[in-house]
Amino acid sequence: QVQLVESGGGSVQAGGSLRLSCAASGSIANIPTMAWYRQAPGKQRELVARISSRGSTMYADSVKGRFTISRDNAKNTVYLQMNSLKPEDTAVYYCYAWVVVATTLVGDNYWGQGTRLTVSS
């Protein structure tokens, strides 16, 4: 019913920048929350940043001041601008959305397929 498609991952040197995008499509009434998570090799998935439909944001301490989450509600798209990248930011980044499905008006969790970021020193 709902799909999340990410783009923008890749390889970058430390200190560089990259922007991730995630577009939601399908039977969508509204998306109260969108977020980015990441999972580094051998580690658990962790929340990177979250944004509400009204634009309220929160960030993991490890990315504060370097990453910026934003969204375009008209396009059902969330972005993650990543600056001053560090090798420890290397991970697979997953888009997440809490979506109220239009056909049922029931909310549910949805995940993207993941996009890999590699930061070299």
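Quantities reported herein were computed from a predicted structural model and do not represent experimental measurements.

Participant: Please set out the environment of Val12 residue by residue, giving values where relevant.
Facilitator: Within the secondary structure, Val12 is located in strand S2 (residues 10–13). Put simply, Val12 and Trp36 are 24 residues apart on the chain and 19 Å apart in space, counted from C-alpha to C-alpha. Residues in contact with Val12, not counting those within four places in the same chain, are Ser17, Leu85, Leu117, Thr118, Val119 and Ser120.

Participant: Break down the state of the cysteines for me, citing the residues and quoting the values.
Facilitator: Evaluation of the coordinates by the stated rule reveals one disulfide. With its sulfur 2.1 Å from that of its partner, Cys22 forms a disulfide with Cys95. Residues Cys22 and Cys95 are joined by a disulfide whose S-S torsion is about -80°; by sign, that bridge is left-handed. Taken together, the residues span a long stretch of sequence, with Cys22 in strand S3 (residues 18–26) and Cys95 in strand S9 (residues 91–101) at a distance of 73 residues. The same class applies to Cys22 and to Cys95, which are both buried.

About the thresholds
- Residues numbered from 1 in each chain as written.
- Predicted model: local features only at pLDDT ≥ 70, side-chain atom pairs only at ≥ 80, totals over all residues.
- Heavy atoms only, no water.
- Helix = DSSP H or I, 4+ residues; strand = E, 2+ residues; numbered from the N terminus.
- Contact = heavy atoms within 4.5 Å.
- Disulfide = S-S within 2.5 Å.
- Buried < 20%, exposed > 50% of the residue type's maximum accessible area, 1.4 Å probe, protein only.

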